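Inside the fold
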Amino acid sequence: MALHIVVCVKSTPSNVNVPVDPATGQPKTAGVPPTLNPYDEFAIEEAVRLKERVPGSTATAVTVGGEAAAEVLREAVARGVDGGVLVSGAEFEGGDGFATSLALSSAVKKLHAEKPVSLVLFGKNTSDGGSGMVGAETAAWLDWPSAIGVKKIDAVDDASATVSRMMEDGVDSLKLALPAVVGTIKEINEPRLPSLKGKMAAKKAVFPKWGAAELGLQAGQVGAAGAGAKVVKAATPPARPAGVKVEGASSAEKAKKLVDILIERKLI
Amino acid sequence: MANPILVVAVPSRGKLSPAVYELVSAGRKLADSLKQPLYAVVTSDKASALAPDLAARGVDKVFAVEHASLGAPVDDLHAKAAASVATKENASRVLVPATVLGKAVAARLAVLLKAGLAADVTEILDGGLVRRAYFSGNLVAEVEFKTPVGVMTLAPMSFPRAEAGNKGEVVTVAFDPGASKCAFVSFAAEESNEVDLGAAERVVSGGRGLGGPEGFKHVRDLAHAIGAAVGASRAAVDAGWIPYRHQVGLTGRAVRPKLYVAVGISGQIQHLAGMSSSGTIVAINTDPACPLMQMANVTVTGDYNELLPAITDEIKKRKGSPVAA
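Structural notes, computed from the coordinates. (Residues numbered from 1 in each chain as written. Chains lettered and ligands numbered in written order. Predicted model: local features only at pLDDT ≥ 70, side-chain atom pairs only at ≥ 80, totals over all residues.)

**Points about the interface of chain B and chain A**
Cut-off, in case you're wondering: Placing C-beta atoms from the backbone, we regard two residues as in contact once those atoms come within 7 Å. Secondary structure elements follow DSSP: runs of H or I no shorter than four residues count as helices, runs of E no shorter than two count as strands, and numbering proceeds from the N terminus. Residue type decides the class: Asp, Glu, Lys and Arg count as charged, Ala, Val, Leu, Ile, Met, Phe, Trp, Tyr, Cys and Pro as nonpolar, and the leftover types, Gly among them, as polar. Pairing between strands is defined by DSSP: at least two bridges between the two strands are required.
Between chain B and chain A, the residue contacts involve 67 residues of the former and 67 residues of the latter. Of all the elements in the fold, those that place two or more residues in the side of chain B that touches chain A are α4 (100-112), β5 (116-124), β7 (139-145), β10 (182-189), β15 (298-301) and α9 (304-319) of chain B. Of the residues forming the side of chain B that touches chain A, the biggest block, 8 residues, is contributed by β10(B). A breakdown of the residues in the side of chain B that touches chain A according to their chemical character gives 38 nonpolar, 15 polar and 14 charged. Of the strand pairs in this sheet, strand β14 (residues 229-235) of chain A and β7(B) are connected by 6 bridges, and their pairing is antiparallel. Within the sheet, the bridge partner assigned to Ala234(A) lies in β7(B) and is Ala141(B).

The structure is reproduced here in structure tokens:
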């Protein structure tokens, strides 16, 4: 048994505390250096751990983005993934989760046709769009079983994976028939830093670039044209009014004044 | 022809969660704004028993899709069941709770209905636009659907819970969602009897400033005294002082309680993103200059070791016995 794991990653701004561009009403990210979406580190690490768990397995990273997004594929290789695919082209620009998940699912299908895929891994969400829905939407396009919020892959064999999903009230155990899609959360592992060997491999790595045509999609199905929703306007959240300082000579006095405020405001 | 607003009541362990009542009030607002009726669909093995509760909260028509397989928290089965009603009734907007299962169901619904999706919606605007936070909470977006059908998940605690209203009709629907490639094996309930963070009206959280796991004893005591859920910063979770389940912030849970008390939390941006929409924020910290103290509504400077027991004692004294959750 050997697995083929696909891990979907995204290039996001390294600083997401960005202003709104008054001209477009959209976030102004130009000039902010891109980086690997921090939550994807857990998905990459899990792919590498699965490779270690099941010898002979391979892992492929996939991203949708501009030419610069190849850097996050390089980061994935540095962390132990075998190779990557850059889904890129002008037609993908301005896509939302709906359009991007269609592009990702088509890339996964193409990889699946080349070498059957066992698992597709995602991070919890991205630091920019942040819907946390792209993994589950990719599974939906593929019509593959999936689980999000996964804190542990308990068992995996040729036919299935048993996973622990963290719910609001406890933990579900689910058995997914393979191929399947898994959305990870932070608790699943502790990502390691890239190794020297990984960094060397990353330097040399060359990534195929697939456009809509290679994925068997029409340009109108992806990017802004294929988006199901659009941000009409971005804004900074309203500022909070200056706070009240509770002061007193002793802890008991401060406690009394604080409780006065909480009761007066009907908060307790 | 009507294009109703459809609330998808995905049950949690065989019951309707308070999040579903929040969907009903948001759905009513949207329905009135778009001049459409408000429908709901309950997908459950006990759907016909659960439906009347929703029908009594001002929903015009409740569809009870009942099938034995819908007793399990398996996303594709619930999505197929809900999509069958959405398609047949020509729903224009589909509202789903932003719970772990709800999100999975919403993603399948978006693809089944070829619908755009807006996640973690916190506000419904006039004309059917919705508002959600993005860029890790640094920005809010006004989102417009481009597709005839729009699916949205609603952030818990963002809308009031619908109370008794006009009594709607209950329609039982026969539907077999078929087999799934996902099998539900088992559920292990969280052992503690603490209040769930996501649905809590009050949260008391502790951070690195607590200095160690014993500091959480004071946090828990205060939380119990006011019927609050216990939260934590990433630093406290990473240090192993409290399980990940309690983590508030981008890598953990987002919360919107009426009252958020942050103890010994400096306020990393990732933490702020998970709690900055709380009603009233109280910060207790030794450092008055830290970001959380800067953004809080009420601040107390001092040592939590002395302050927390004093606050807990004062509350017990004033309120009598501990407040129930």
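What follows picks up the thread again.
**Looking at α9(B)**
This is how the line gets drawn: Helix span is expected to be 1.5 Å times the residue number reduced by one. Neighbour counting defines burial: a residue surrounded by 20 or more other C-beta atoms within 10 Å of its own C-beta is buried, one with 12 or fewer is exposed, and intermediate counts give partly exposed, using backbone-placed C-beta atoms.
Spanning 16 residues, α9(B) covers 21 Å between terminal C-alpha atoms, matching the ideal 22 Å at 1.5 Å per step. Listing the buried residues of α9(B) in full gives Tyr304(B), Leu307(B), Leu308(B), Ala310(B), Ile311(B), Thr312(B), Glu314(B) and Ile315(B). Next to the buried residues of α9(B) lie α7 (251-264) of chain A together with α5 (215-226), β13 (259-263), β14 (280-285) and β15 of chain B. Backbone geometry just downstream of α9(B) places Gly320(B) in the positive-phi region, at approximately 80°.

**Looking at the nonpolar core**
The test is simple: A set of buried residues drawn from Ala, Val, Leu, Ile, Met, Phe, Trp, Tyr and Cys, joined through C-beta atoms within 7 Å, is what defines a nonpolar core.
In this structure, Val7(A), Leu6(B), Val94(B) and Leu109(B) are the most contacted members of the largest nonpolar core, which totals 211 residues. Ranked by residue count, the leading element in this core is α4(B), at 10 residues.

**Digging into the environment of Gly274(B)**
Residues and elements named next belong to chain B. Mapped onto the fold, Gly274 is located in helix α7 (residues 269-275). Counting along the chain gives 22 residues from Gly274 to Ala296, while the straight-line C-alpha distance between them is 14 Å. Excluding residues that lie within four positions of it along the chain, Gly274 makes contacts with Val248, Gly249, Leu250, Gly252, Arg253, Ala254 and Val255.

**What about the pairing of strand β1 (residues 5-9) of chain B?**
Residues and elements named next belong to chain B. Operational definition: Consider the strands pointing away from the viewer: the crossover is right-handed when the path from the first strand over the helix to the second runs clockwise.
Extensive coverage of β1 is indicated by the burial of 5 of its 5 residues. Here β1 shows no split at all, with Ile5, Val7 and Ala9 on one side and Leu6 and Val8 on the other all buried. Bridging between β1 and strand β4 (residues 93-97) involves 3 bridges; their strand directions are parallel. Looking at the pairing, Ile5 lines up with Arg93 of β4. The pairing of β1 with strand β2 (residues 38-44) spans 5 bridges and is parallel. Looking across to β2, one finds that Val7 is bridged to Ala40. Taking the sense of rotation as the criterion, the β-α-β connection linking β1, helix α1 (residues 18-34) and β2 turns out right-handed.

**Focus: unusual backbone geometry**
Residue Pro179(A) is reached from Leu178(A) by a cis peptide bond, and omega for that bond is 0°. Mapped onto the fold, Pro179(A) is located in the loop between β11 (170-177) and β12 (180-184). Phi at Asn90(B) is positive, roughly 55°, even though this residue is not glycine. On the basis of neighbour counts, which here come to 14 C-beta atoms within 10 Å, the residue Asn90(B) falls in the partly exposed class. A positive phi angle, near 50°, is found at Phe135(B), a position not held by glycine. In this fold, Phe135(B) is placed in the loop between β6 (130-134) and β7. By C-beta crowding, Phe135(B) is classed as buried, having 25 other C-beta atoms within 10 Å.

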